[in-house]
Amino acid sequence: MSTSALPPASRPGGLKPDWIGNPEVWRTEILAGLVVALALIPEAISFSIIAGVDPAVGLFASFTMAVTISVVGGRRAMISAATGAVALVIAPLNHEHGFGYLVAAVILAGVFQVILGVLGVAKLMRFVPRSVMVGFVNALAVLIFMAQVPEMTDVPWPVYPLIVAGLALMVLFPKVTKVVPAPLVSIVVLTVITVAAAIAVPTVGDKGELPSSLPVPGLPDVPFTMDTLTTVAPYALAVALVGLMESLMTAKLVDDITDTRSDKTRESIGQGIANIVTGFFGGMGGCAMIGQTMINVKVSGARTRVSTFLAGVFLMVLCIVFGPVVSDIPMAALVAVMVMVSFATFDWHSVAPRTLKRMPAGEIAVMVITVAVVVATDNLAIGVAVGTLTAMVVFAKRVAHLADVTSVTDPDGSQVVYSVTGELFFASSNDLVTRFDYAGDPDHVVIDMSATHVWDASSVAALDAIETRYARRGKHVEIIGLNDHSAHLHDRLSGELAPGH
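Rules used throughout
Residues numbered from 1 in each chain as written. Predicted model: local features only at pLDDT ≥ 70, side-chain atom pairs only at ≥ 80, totals over all residues. Heavy atoms only, no water. Disulfide = S-S within 2.5 Å. Buried < 20%, exposed > 50% of the residue type's maximum accessible area, 1.4 Å probe, protein only. Pairing = 2+ DSSP bridges. Helix = DSSP H or I, 4+ residues; strand = E, 2+ residues; numbered from the N terminus. Axes fitted to C-alpha atoms, helices over the stretch in contact; angles between N-to-C directions. Contact = heavy atoms within 4.5 Å. Right-handed = clockwise from strand over helix to strand, strands pointing away.

Participant: Looking at this model, I keep getting lost on the state of the cysteines. Mind explaining?
Facilitator: Here a disulfide denotes a covalent bond joining the sulfur atom of one cysteine to the sulfur atom of another. Applying the stated rule across the entire model yields zero disulfides. Cysteine Cys-287 remains unbridged, with the sulfur of Cys-319 as its closest cysteine sulfur at 20 Å. Of the residues examined, Cys-319 reaches a relative accessible area of 3% and is grouped as buried.

Listed below in structure tokens is the structure:
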């Protein structure tokens, strides 16, 4: 492969990407970062309330996570900040033991993520099937929309026309120009209208007080003892696993949207570093934010680390310098943005009647189960885990039926040849023993394995059981045709799997 064929950022010799001097890319990245920062503020405050901490803690976490991950992360343009999933996991620790323990758990969670990244946890993503990924995306869209429902219930009536107006602007404005992101235009226009007309609707300021200064680094206020470690470790491990699951799934989603590859191992380690930094700055921790990432990548068109970095920087600038102005932004404007993100995120093709007619029933079941579990638990990680396990069961059941046994007896009746086809593993080999005529077969039995593959100890045990049953009747079994891997496994385990070994 020639050097010129590589993407600019991948070329050897430390050459700078060619977009560095591209004003259009810079405009896109800067405006995307600004839109994401505006959308982050109410989300971070809401997650702070879930965790039971001051709103500034969530905002500081979003700032440090975004800035740090923009440097050390493996997926360009992905947004990491304080998230609801982490808030839900960490909230009980804060309620029972206090804020110092929460911070200690965030730092330890970051350490766990670095260790898991080094150990190659990202490679497990290859076991997430497409049907689970589709379910993940659709569940994400449902959760994003459901998160907006509280902002549309028991509110003054002007909220509804403002949301409709915001949606209309985001649909129609791109037809005029795409120089400025439509979500930013919608937020600005609706804010000007509500302020100028003195329309009384819920605003960002109603969510909580914005910070007036930058976070200061420090150590968690906890005793550095083994008792503290045992208290925070379970929560830290839960945060690490949930955070990595959501981050790696989001990175895979962005890979598909942008048709580019990302370094999942670097992303795993980067998430850990970002949480360590966040903890030392008194933040509540976090992971990839799927909704805001969709705003950045799919709605605003960002593709580089610049937008991620600026999202964090703009967040603090907006809070500290333009706090009074940001506080006047109507929640209706941000609700409209997130509803549009929800609509754009949902994979409508996956539920089209034509697609459902062609899709195997098992694939549809896996997608539906993934969506149902995520929506029921409000946890993307649990949904993905259950969906993946379901997909494995469906796959095992499907492959188990592919194994078959046919027999041919020599004309002189001296021997019978059984041909085994398909894949032999625990699910398909369980009934293998029942496919032979132990009493009626001649004294010499040949089992031809050239059209199959032995995958596990269960299959070797099944072959041993077949030989044992024939041996009881004084008959000899000859197994032929094993490929190298199957032969090695059979030679190593045969005769060692009976009770007492």
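Participant: Help me understand the sheet that holds strand S6 (residues 476-480), please; the structure alone is not making it clear to me.
Facilitator: As a general point, the strands of a sheet are linked pairwise by backbone hydrogen bonds and lie either parallel or antiparallel. In spatial order, the strands read S3-S4-S5-S6; together these four strands make up an open sheet with mixed pairing. Looking at which strands have only one partner, the edges of the open sheet turn out to be strand S3 (404-409) and S6. Recorded for the sheet is a direction-independent mean angle of 20° between the axes of neighbouring strands. Of the pairings in the sheet, the one linking S3 to strand S4 (residues 415-424) comprises six bridges and is antiparallel in character. Residue pairing in the sheet places Asp-404 in a bridge with Thr-421 of S4. Contacts from helix H18 (residues 484-493) reach strand S5 (444-454) and S6 within the one sheet, and its direction differs from that of S5 by about 120°.

Participant: Please explain the pairing of S5 as it appears in this structure.
Facilitator: Where a strand is regular, its side chains alternate between the two sheet faces. Looking at chain direction, S4 and S5 are connected through nine bridges and run parallel. The residue of S5 that forms the bridge with Tyr-418 is Ile-447. Of the crossover connections in this fold, the one passing from S5 over helix H17 (residues 457-472) to the parallel S6 is right-handed.

Participant: How do you make sense of unusual backbone geometry when you look at a structure like this?
Facilitator: Backbone geometry follows two general trends: most residues other than glycine have a negative phi, and most peptide bonds adopt the trans configuration. The backbone of Ala-77 sits at a positive phi, close to 75°, despite the residue not being glycine. One can find Ala-77 in the loop between helix H2 (55-72) and strand S1 (80-81). Phi is positive for Asp-259, which is not a glycine, with a value near 55°. Relative to the helices and strands, Asp-259 resides in the loop between helix H8 (226-258) and helix H9 (264-280). By relative accessible area, which is 70% here, Asp-259 ends up exposed.

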